[in-house]
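Secondary and tertiary structure notes
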Amino acid sequence: MLKVGVLGAGHLGKIHLRLLNQSSKYELVGFYDENHENGAKIAAEFGYKQFDTIAKLIHAVDVIDIVTPTLSHYKCAKVSIKSGKHVFIEKPISTTVEEAEEIIALAKEYHVKGQVGHVERFNPAFIAVKNQIDNPMFIETHRLAEFNPRGTDVPVVLDLMIHDIDAILSVVKSKVKAVHASGVSVLSQSPDIANARIEFENGCVANITSSRISMKNMRKSRFFQKDAYISVDYLDKVCEVVKMKDAPEVPGDFDMILQNAEGIKKQIYFDNPEVSLNNAILDELETFADAINNNTTPVVTLEDGTEALRVAYMIIDSMEKK
């Protein structure tokens, strides 16, 4: 069991504390929270050990789980890595791409592992279809959320859209060629709703919409590729795979057949995989433990987190130019 400590005991920090305490792969040593009053309350309620300095917590563990506000990710990661500790960093990896690149360099220098908390990679619906997503050429994603003041200190691109940016970059094996985006600030000082069109060098186009001022929650992606349509509902944890193949010469009574203008007939059929429900946050934390123990590459690397942040800033720059 790896000894782990948590930095930050806010909304998400408390979830991490509870799951790490349950995990068979970690020994939860304790936590540090900048708000000592809040920390004392959590320690009293749940029995977790509260540390009065970051340094003491880092010294007592093998792994640091950084669940602080984004602005302090870099500072927390730097001091942890320089102490020789592995780091799990909640998304986004840092405030700037330059900070993220320095985190990567430090991790290499001190021979520690790092993972970024892009939790949708562990969503059971995405896991169920990921191996069937093969060279998609058009992707459409909607991530809509009801207003919540938590997270409004950053643009919706860094708060919500970055989930979809990371998921898309994990399945499109090509470099980003161009980004066109627009956004609107409604309740916050930064954009609350944004749309981005990402064009890749291989011809793939991704159209992403994110909003934190919607009337209902929605988290859906659709992937279009040759002879297949794949949809993922991250919220309801369901997926659908619709495939096409050459139509049989003598179709059955219930076969769905389409004929194009050239007279080519295709049969449509459903190939929906089984979705195995899981706790995505627990899975991302435990696969990181596996990567450390087995000396393998984490599922979401520091480089992955940095690329998602880089594209997010390309989107923000495109919005600001307008």
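As the structure is a computational prediction, the values presented were derived from the model and not from experiment.

The omega torsion of the bond from Lys-91 to Pro-92 falls at -10°, within 30 degrees of zero and hence cis. Among the secondary structure elements, Pro-92 is positioned in the loop between strand S4 (86–90) and helix H5 (97–109). A positive phi angle, close to 55°, is found at Asn-135, a residue other than glycine. Assignment of secondary structure puts Asn-135 in the loop between helix H6 (124–130) and strand S6 (138–144). Asn-135 sits in the partly exposed class, given a relative accessible area of 48%.

Next up on the list: the nonpolar core. Generally speaking, a soluble globular protein has its nonpolar side chains buried in company with each other. Of all hydrophobic cores here, the largest spans 91 residues; its most connected members are Tyr-26, Val-157, Ile-165 and Ile-315. Residue contributions to this core peak at ten residues, all from helix H7 (residues 156–171). Mapped onto the domain boundaries, this core takes at least three residues apiece from domain 1 (2–112) and domain 2 (121–277 + 310–321). Once residues lying within four places of it in the same chain are set aside, the contact partners of Val-157 are Ile-162, Ile-165, Ala-194, Ala-312, Ile-315, Ile-316 and Met-319.

Over its 13 residues, H5 extends 18 Å from the first C-alpha to the last, a length consistent with the 18 Å expected when each residue adds 1.5 Å. Within H5 the residues assigned to the buried category are Val-97, Glu-99, Ala-100, Ile-103, Ile-104, Leu-106 and Ala-107. For H5, the elements touching its buried residues are helix H4 (73–82), S4 and helix H9 (302–321).

With that settled, consider the UniProt feature "domain: Gfo/Idh/MocA-like oxidoreductase N-terminal" (unreviewed entry) in the protein. UniProt feature "domain: Gfo/Idh/MocA-like oxidoreductase N-terminal" (unreviewed entry): in the numbering of this structure it lies at residues 2–118. Taken end to end, residues 2–118 comprises 44% helix and 22% strand; its first and last C-alpha atoms sit 21 Å apart.

Attention shifts here to the packing of aromatic side chains. Throughout the structure, instances matching the rule amount to five aromatic pairs. With centroids separated by 5.6 Å and ring planes inclined at 15°, the aromatic side chains of Phe-46 and Tyr-48 adopt a geometry described as stacked. Taken together through their ring pairs, the aromatic side chains of Phe-138, Phe-224 and Tyr-229 make up a single cluster. Its end group placed over the ring of Tyr-234, Arg-143 keeps NZ or CZ at 5.4 Å from the ring centre. Over the ring of Tyr-269 we find Lys-245; its NZ or CZ atom is 4.8 Å from the centre of that ring.

What follows covers helix H1 (residues 11–22). Three- or four-residue spacings in an α-helix give side chains the same orientation, since the helix completes a turn every 3.6 residues. The terminal C-alpha atoms of H1 lie 18 Å apart, and with twelve residues this matches the ideal 16 Å at 1.5 Å per residue to within 8%. Those residues of H1 that fall on the buried side of the exposure criterion are Gly-13, His-16, Leu-17, Leu-19 and Leu-20. Of the surrounding elements, those touching the buried residues of H1 are strand S1 (2–7), strand S2 (26–32), helix H2 (36–46), strand S3 (63–66), S4 and helix H8 (280–294).

Attention shifts here to the pairing of strand S9 (residues 205–211). Of all seven residues in S9, six are buried; the element is thus mostly enclosed. Pairing of S6 with S9, which is carried by seven bridges, proceeds in the parallel orientation. Counted as the bridge partner of Glu-140 is Asn-207 from S9. Bridge analysis of strand S8 (residues 193–200) against S9 gives seven bridges, and the strand direction is antiparallel. Bridge pairing links Ile-198 to Ala-206 in S9. Where S8 hands over to S9, the hairpin turn is made up of four residues, of which Gly-203 adopts a positive phi near 100°.

Criteria and cut-off values
- Residues numbered from 1 in each chain as written.
- Predicted model: local features only at pLDDT ≥ 70, side-chain atom pairs only at ≥ 80, totals over all residues.
- Heavy atoms only, no water.
- Helix = DSSP H or I, 4+ residues; strand = E, 2+ residues; numbered from the N terminus.
- Buried < 20%, exposed > 50% of the residue type's maximum accessible area, 1.4 Å probe, protein only.
- Core = buried A, V, L, I, M, F, W, Y, C linked by side-chain atoms within 4.5 Å.
- Domains from an automatic or database assignment.
- Contact = heavy atoms within 4.5 Å.
- Expected span 1.5 Å × (residues − 1).
- UniProt positions renumbered as here; feature names shortened; annotations may be inferred.
- Phe/Tyr/Trp six-rings, centres within 6.5 Å; stacked < 30°, edge-to-face > 60°.
- Lys NZ or Arg CZ within 6 Å of the ring centre and 35° of its normal.
- Pairing = 2+ DSSP bridges.

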